[in-house]
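Okay, here's what each chain looks like letter by letter:
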Amino acid sequence: MSVQASTPPASLCLLRTSALGDVSHVVPLVRTVQRYWPATALTWIVGKLEHKLVGDLPGVEFVVFDKRQGWKGWQAVRRALHGRRFDALLHMQVALRSNLLSAAVSARRRIGYDAARSRDLHRLFIGERIAARSGEHVLDAIGSFLEPLGLRQTDVRWDLPVPDSAQAFADDHLPGAAPTLIVSPCSSHKLRNWRPERYAAVMDEATRRGWRVVLCGGPSAYEREFGDAIAARLQRGAAIDLIGKDTLKQLLALLRKADLVLTPDSGPMHLANAMGTAVLGLHAASNPHRSGPYSDRRWCVDRYDEAARRFRGKPASALRWGTKIEHDGVMDLIGVDAVIERFDAFAAARGLP
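Residues numbered from 1 in each chain as written. Predicted model: local features only at pLDDT ≥ 70, side-chain atom pairs only at ≥ 80, totals over all residues. Heavy atoms only, no water.

### A short note on the overall build of the protein
- From N to C terminus, the protein includes 13 helices and twelve strands.
- Summarising its shape, the C-alpha atoms of the protein cover approximately 60 × 50 × 40 Å along the three principal directions.
- Counting every position in the protein, which comprises 353 residues, the buried fraction comes to 54%.
- A sequence separation of at least 24 residues applies to 62% of the contacts in the protein between residues at least 6 apart.
- With an accessible surface of roughly 15,200 Å², the protein has 49% of that area assigned to carbon and sulfur atoms. (Helix = DSSP H or I, 4+ residues; strand = E, 2+ residues; numbered from the N terminus. Buried < 20%, exposed > 50% of the residue type's maximum accessible area, 1.4 Å probe, protein only. Contact = heavy atoms within 4.5 Å. Areas by Shrake-Rupley, 256 points an atom, 1.4 Å probe, with all protein chains shown as cover.)

### Focus: the sheet that holds strand β12 (residues 301-302)
- On the basis of which strands lie adjacent, the open sheet formed by six strands has the order β9-β8-β7-β10-β11-β12 and parallel pairing. A strand with exactly one partner marks an edge of an open sheet, and here the two such strands are β9 (240-241) and β12.
- Of the pairings in the sheet, the one linking strand β7 (residues 180-183) to strand β8 (residues 212-215) comprises four bridges and is parallel in character. Opposite V183, over in β8, you have L215 as the bridge partner. (Pairing = 2+ DSSP bridges.)

### Points about the packing of helix α7 (residues 196-208) against helix α8 (residues 221-233)
- Here α7 crosses α8 at 50°, and the two axes come no closer than 8 Å. It follows from the interaxial angle that α7 and α8 lie oblique. Handedness of the α7/α8 crossing: right-handed. Contact residues: α7 offers P196, E197, Y199, A200, M203 and D204, while α8 offers F226, A229, I230 and R233.
- Of the residues contributing to the contact of α7 with α8, the split by class is seven nonpolar, no polar and three charged. (Axes fitted to C-alpha atoms, helices over the stretch in contact; angles between N-to-C directions. Parallel < 35°, antiparallel > 145°, perpendicular 65-115°, else oblique. Left-handed = near helix turned anticlockwise from the far one by under 90°. Nonpolar A, V, L, I, M, F, W, Y, C, P; charged D, E, K, R; others polar.)

### Some points on the nonpolar core
- Counting residues in each nonpolar core, the largest one holds 57 residues, and the members touching the most others are L14, L29, W44, V54, L90 and M92.
- The greatest single-element share of this core, amounting to seven residues, is contributed by helix α1 (residues 20-36).
- Not counting chain neighbours up to four residues away, the residues in contact with L14 comprise V26, L29, V30, T43, W44, I45, L90 and M92.
- Membership of the second largest hydrophobic core comes to 42 residues, among which are Y199, A206, L234 and A278. (Core = buried A, V, L, I, M, F, W, Y, C linked by side-chain atoms within 4.5 Å.)

### Some remarks on the pattern of salt bridges
- With the rule as written, the count across this model stands at 28 salt bridges.
- Of the charged contacts, one joins D265 and R192 as a salt bridge, the two residues approaching to 3.6 Å between their closest N and O atoms. Linking D265 in the loop between β10 (260-264) and α10 (267-274) with R192 in the loop between β7 and α7, this pair joins segments that are 73 residues apart in sequence. Both residues of the pair, D265 and R192, count as buried. (Salt bridge = Lys/Arg side-chain N within 4 Å of Asp/Glu carboxyl O.)

### Observations regarding α10
- Of all eight residues making up α10, eight are buried, and the element is well covered by its neighbours.
- The inward-facing, buried residues of α10 abut α1, α2 (48-54), α9 (248-257), β10, β11 (278-283) and α11 (288-291).
- Trailing α10 by a residue or two, G276 shows a phi angle of about 85°, which is positive.

### A word on the side chain of N287
- Structurally, the position occupied by N287 is in the loop between β11 and α11.
- Judged by relative accessible area, which is 11%, N287 ranks as buried.
- Only 2.9 Å separates the side chain of N287 from the backbone nitrogen of H289, close enough to count as a polar contact. (Polar contact = N/O pair within 3.5 Å; in protein donor to acceptor, adjacent residues only side chain to side chain.)

Interpretation in functional terms is not warranted from these geometric data alone.
Take a look at the structure:
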């Protein structure tokens, strides 16, 4: 249906609380609504951490859900929305916690996932479903929540705000214009993570060729330990170590300054993509066509089909779309040579050393 033929809703409630990558996928939907339905009021229920990433999007009211508070967090959302009724709820998360949270939202229409992508009683909390499609990237699935309302997402735009202070942080730590490889080695799903010695081998190769190499990561003890394990195996000098030293907004600025980001399927993969930076993604546990960097997957290493055959006994095409193959050793299917080959191809394409 064309944009002109649809009647814009007066108000929409968006429910997607986590995680960072998935929350970044909602931003193009927000931009689409703001472009075609500028008078539509947008309210977004979002997680506390994720709010630090998107909470300064202009024209959006945020209701922050702190999952660590449990029942108190749910009650806080209910109080914030008390007495309000939206034209539609876009219920874009199927986890049980989010399904229960959606009960705090009063809406004339409640739009959720199709049956194949539903779980944890999602069907009990919605009144309509998006179109059933297989083979979609997660971002396109999220964008399709506008279709029952008569609007189709045809362009994808993020324009995530980066404060001047965050840009200054990036400029201080990464001055000049040296070719820069950022390595964000950890996913929150530990079985998606590559071995420290393999990261170190690729980083050594980048250093040998004159690239500036940066380690990034969150403040958790696990990420600090993982970064230390990589650093201990470097043979050609230390990387710039920013693990646990940046905020989410500072990370956006750092990612924007990089030429290439090396990472498994993780939030920083999608943030780098949103900032327009190329990603060398490491995929064996997850399908890059569903959850890889949305804009450009040319530089990814894809061993998902090999993982399906080894750990599930069938090709990836025979698995349900979205199946994760998170087994011990699955990421060992990705060799150092394969990653350096993609690094070489990227450098050659961009005229970099």
